[in-house]
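Structural overview
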Amino acid sequence: MDFRLSQDQTDLVRGVRELLAGRFGRDALRASVDSGALDRGLWKELGDAGFFALRLPEADGGVGLGLPEAVLVLEEAGRALLPGPLVATQRAAGTVPGAAEGLAVVTEVSSEGLIPWRDAADVVLGPAEGAVPMRSVDPLTPLHRVSGTLPAARPETVLLTAAEQVGTAAWCTDAAVAHARRREQFGRPIGAFQAVKHLCAGMLVRTELARAAVHAAAVTGDAAEIAGAKLLADDAAVANARDCLQVHGGMGFTWEADVHLHLKRAWVRAALVLPGARAAEEVAAAL
Amino acid sequence: MDLSYTGEEEEFRARLREWLAAELPGLPPRPDPLDWPGRRAYDCGWQRRLHDAGYGHVHWDASPTRRLIFLEETERAGAPYVGANFVGLLHAGPTIAAEGTEEQRARWLGPVLRGDEVWCQGFSEPDAGSDLAGLRTRAVRDGDAYVVTGQKIWTSHAEVADWCELLVRTDPEAPRHRGISWLALPMDAPGVTVRPLRTLAGSAEFAELFLDEVRVPVGNRVGEENDGWRVTMVTLSFERGTAFVGEVVACRRLLGELARAARENGRWDDPALRRRLGGLAAGFQALWRLIQRNVSEAQATGGVPGVGGSVFKLHYSHARQELYDAAAEVLGPDALDLGREWNLDRLSSLSYTIAAGTSQIQRNIVAERILGLPKGR
């Protein structure tokens, strides 16, 4: 047993983080927020880097990696707040032409009847007839809603969405800590005060617990473990974004600070597939 | 990210299972919780059996993965835990093994491993709890001995201990952390008085220790004079490593029992209760994975588990208290009956967010040592 990341996995994380920092840094993120459009050039670059073909076998032109690697990559995507139907397009690689290469944007109807990025997508998987648009809370995830018979939540979709939540939880911890070290009141950094320090410690605990759960679920593939991981990852992402906002004080309530973007995305991912009550029921059923 | 065990580790597990299945039926009945001599005899008898079977030193095994397997399997089989040997096996012993001289290791480690000698811990004082470095028990050098005077508190197993790992102040002028030494105090030395403390659970799990000019040979000091704080930190981080493996296994079993009980008494029909148990189960499953990650890191670095244990303890101690609150919900009015299972455990669990570093101190450790936030209160 060695539950740590292998050298290859560590290198993969570093590579993805560098790619996203270079291609989708803060300026690009804010430009996307302003335009509200999906950057097809970036989508193609992600395809070229193997982002969507990650789990496609090498014989089929893919990268041939497994669920653990996919989880690591999606965690980085979550940290960078990368927009678009990433999980659905990755799922479609190998079956929908152009998905693997980043030439096609593929979205899907979620088990909760939500369709992210419907208008930007080339292909919508699932029963999308009669979908109506919503004014999405997340400026970087346009949403449609559909009712009727909905597809069951696929465990892999649940897990990869949870991985994105871990990325948000980690980003929020880092951002809160950075702010608490920099921002001074009463003549010292606010991070020296226990009231602030303990919020930050709680954020790290949630992140590490959720990360361990998501990584393990990626290794075992067990449905109940995946449901538990989603439950913890949703909690880590939403609660950390809330605490990060609080640590930022008045700045945290502004449009200019990025923390609200993470909170809103965390809400979307939490509601998109296997939301809290369903996840908890699924874990309980296995008891 | 590999969760599989090697063939050698699986073999270790299989042999252990076989041994436990053969050994456990022959154990004497568990003693009454209030019968301290009986508890000592029971716990030491179990340690002796482990020693004779080649498992006596397993807590100090070079391989954290084997420790993990050992704790997992013994808990699953319903075998006793370390009991009165907690300090000897998990605090004092590892400290002596890491910091003691060859002579000290030869004197003290064998009796601990054979279950012949019991240790207790004299760290906290009435005015030095979370602020342990503020301890004031004085040790004054007099020839080849220290003369020790002071008071210790929360000393578990003091009534039946042969030795106490004692932190004393040897240099009152030095900065707080640099004037402390680590001594092995013989509990039968003249001037040692033990007064049991009754816990809110009704039993005397720990004691106060009064020291009145007790002479302790200088040769009983482990580590250099005034270096006791560093020596102690080795012990404390050990406690925050794999020490909770068995308890997480026990919590996961308890969740299964709760679900069964709730299905039987009809409370399972309440979705709020089901979801509450589901949430707890997800948390304990993740804690198990966190242990596996901490063990993997300890295995790779070959060292003592580090501050990552604080992350674990913070979630675990609160989750365990919530687990017993959920158990009370399953029991309904029976939760008020101390004769029912889990209720005494519920009371005991109230110490978990306090003992071995309060949650507040653990958050300071996480914030300052892992996240790099500035010191300050």
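Residues numbered from 1 in each chain as written. Chains lettered and ligands numbered in written order. Predicted model: local features only at pLDDT ≥ 70, side-chain atom pairs only at ≥ 80, totals over all residues. Heavy atoms only, no water.

1. Thoughts on the overall build of chain A
Counting secondary structure elements, chain A contains ten helices and seven strands. What you see for chain A is a C-alpha radius of gyration of 19 Å, in line with the 19 Å of a compact globule of 287 residues. Taking the principal axes of the C-alpha coordinates as reference, chain A spans close to 60 × 45 × 40 Å. Across the 287 residues in chain A, those meeting the buried criterion constitute 58%. Taking the contacts inside chain A whose residues are at least 6 apart along the sequence as the reference set, 69% of them involve residues at least 24 apart. With the model as given, the accessible surface of chain A reaches about 11400 Å², and the carbon-plus-sulfur share is 54%. (Helix = DSSP H or I, 4+ residues; strand = E, 2+ residues; numbered from the N terminus. Rg over C-alpha atoms; globule rule 2.2 N^0.38 Å. Buried < 20%, exposed > 50% of the residue type's maximum accessible area, 1.4 Å probe, protein only. Contact = heavy atoms within 4.5 Å. Areas by Shrake-Rupley, 256 points an atom, 1.4 Å probe, with all protein chains shown as cover.)

2. Overview of the side chain of Thr 161 of chain A
Residues and elements named next belong to chain A. You can see Thr 161 is positioned in helix α6 (residues 155-182). Exposure remark for Thr 161: the relative accessible area of 2% places this residue in the buried category. Those residues in contact with Thr 161 that lie beyond four places of it in its chain are Val 87, Lys 230, Arg 269 and Val 273.

3. Quick look at the packing of helix α10 (residues 276-285) of chain A against helix α8 (residues 271-301) of chain B
Contact geometry for α10 of chain A and α8 of chain B: axes closest at 7 Å, N-to-C directions at 75°. The angle between α10 of chain A and α8 of chain B places the two elements in the roughly perpendicular class. Side by side, α10 of chain A and α8 of chain B meet where Ala 277, Ala 280, Glu 281, Val 283 and Ala 284 of chain A of the first sit next to Pro 271, Arg 274, Arg 275, Gly 278, Gly 279, Ala 281 and Ala 282 of chain B of the second. (Axes fitted to C-alpha atoms, helices over the stretch in contact; angles between N-to-C directions. Parallel < 35°, antiparallel > 145°, perpendicular 65-115°, else oblique.)

4. Some remarks on helix α9 (residues 259-272) of chain A
Residue and element names in this part refer to chain A. For α9, which comprises 14 residues, the first-to-last C-alpha distance of 20 Å matches the rise-based estimate of 20 Å (1.5 Å per residue) to within 8%. Among the 14 residues in α9, twelve count as buried, and that is most of the element. Contact partners of the buried residues in α9: α2 (26-35), α4 (67-80), β2 (114-116), β5 (143-145), α6 and α8 (223-247). Downstream of α9 by a residue or two, Leu 274 has a phi angle that is positive, lying close to 40°. (Expected span 1.5 Å × (residues − 1).)

5. Regarding the UniProt feature "domain: Acyl-CoA oxidase/dehydrogenase middle" (unreviewed entry) in chain B
Here, the residues flagged by UniProt with the feature "domain: Acyl-CoA oxidase/dehydrogenase middle" (unreviewed entry) are residues 120-214 of chain B. Secondary structure content for residues 120-214 of chain B is 0% helix and 52% strand, while the C-alpha to C-alpha distance between its ends is 17 Å. (UniProt positions renumbered as here; feature names shortened; annotations may be inferred.)

6. Notes on the packing of aromatic side chains
All names here are of chain B. Taken as a whole and judged by the stated rule, the model has 16 aromatic pairs over all chains. Between the aromatic rings of Trp 119 and Trp 163, the centroid separation amounts to 5.8 Å while the plane-to-plane angle is 25°, which identifies the pairing as stacked. In this pair, Trp 119 sits in strand β1 (residues 119-122) while Trp 163 sits in strand β4 (residues 163-169), placing the two residues 44 residues apart along the sequence. For the pair shown, Trp 119 and Trp 163 are each scored as buried. An aromatic cluster is defined as three or more aromatic residues linked by ring pairs; in this entry it consists of Phe 12, Trp 19, Trp 46, Tyr 55 and Phe 70. One residue, Arg 39, lies across the ring of Trp 36, its end atom 4.1 Å from the ring centre. (Phe/Tyr/Trp six-rings, centres within 6.5 Å; stacked < 30°, edge-to-face > 60°. Lys NZ or Arg CZ within 6 Å of the ring centre and 35° of its normal.)

7. Thoughts on the sheet that holds β2 of chain A
Residues and elements named next belong to chain A. Read across the sheet, three strands follow the order β2-β5-β4 without closing on themselves; strand pairing throughout is antiparallel. Looking along the sheet, the strands with just one partner apiece sit at the ends: β2 and β4 (132-133). The sheet contact formed by β2 and β5 spans three bridges and is antiparallel. Across the sheet, Ile 115 pairs through a bridge with His 144, a residue of β5. (Pairing = 2+ DSSP bridges.)

8. Brief notes about the packing of helix α1 (residues 7-23) of chain A against helix α3 (residues 40-48) of chain A
Residue and element names in this part refer to chain A. Running from amino to carboxyl end, α1 crosses α3 at an angle of 160°, the nearest separation of the two axes being 12 Å. In terms of orientation, α1 and α3 fall into the roughly antiparallel class. The chirality of how α1 crosses α3 is right-handed. Facing Leu 19, Leu 20 and Arg 23 of α1, the residues of α3 in contact are Gly 41, Leu 42, Glu 45 and Leu 46. Of the residues contributing to the contact of α1 with α3, the split by class is four nonpolar, one polar and two charged. (Left-handed = near helix turned anticlockwise from the far one by under 90°. Nonpolar A, V, L, I, M, F, W, Y, C, P; charged D, E, K, R; others polar.)

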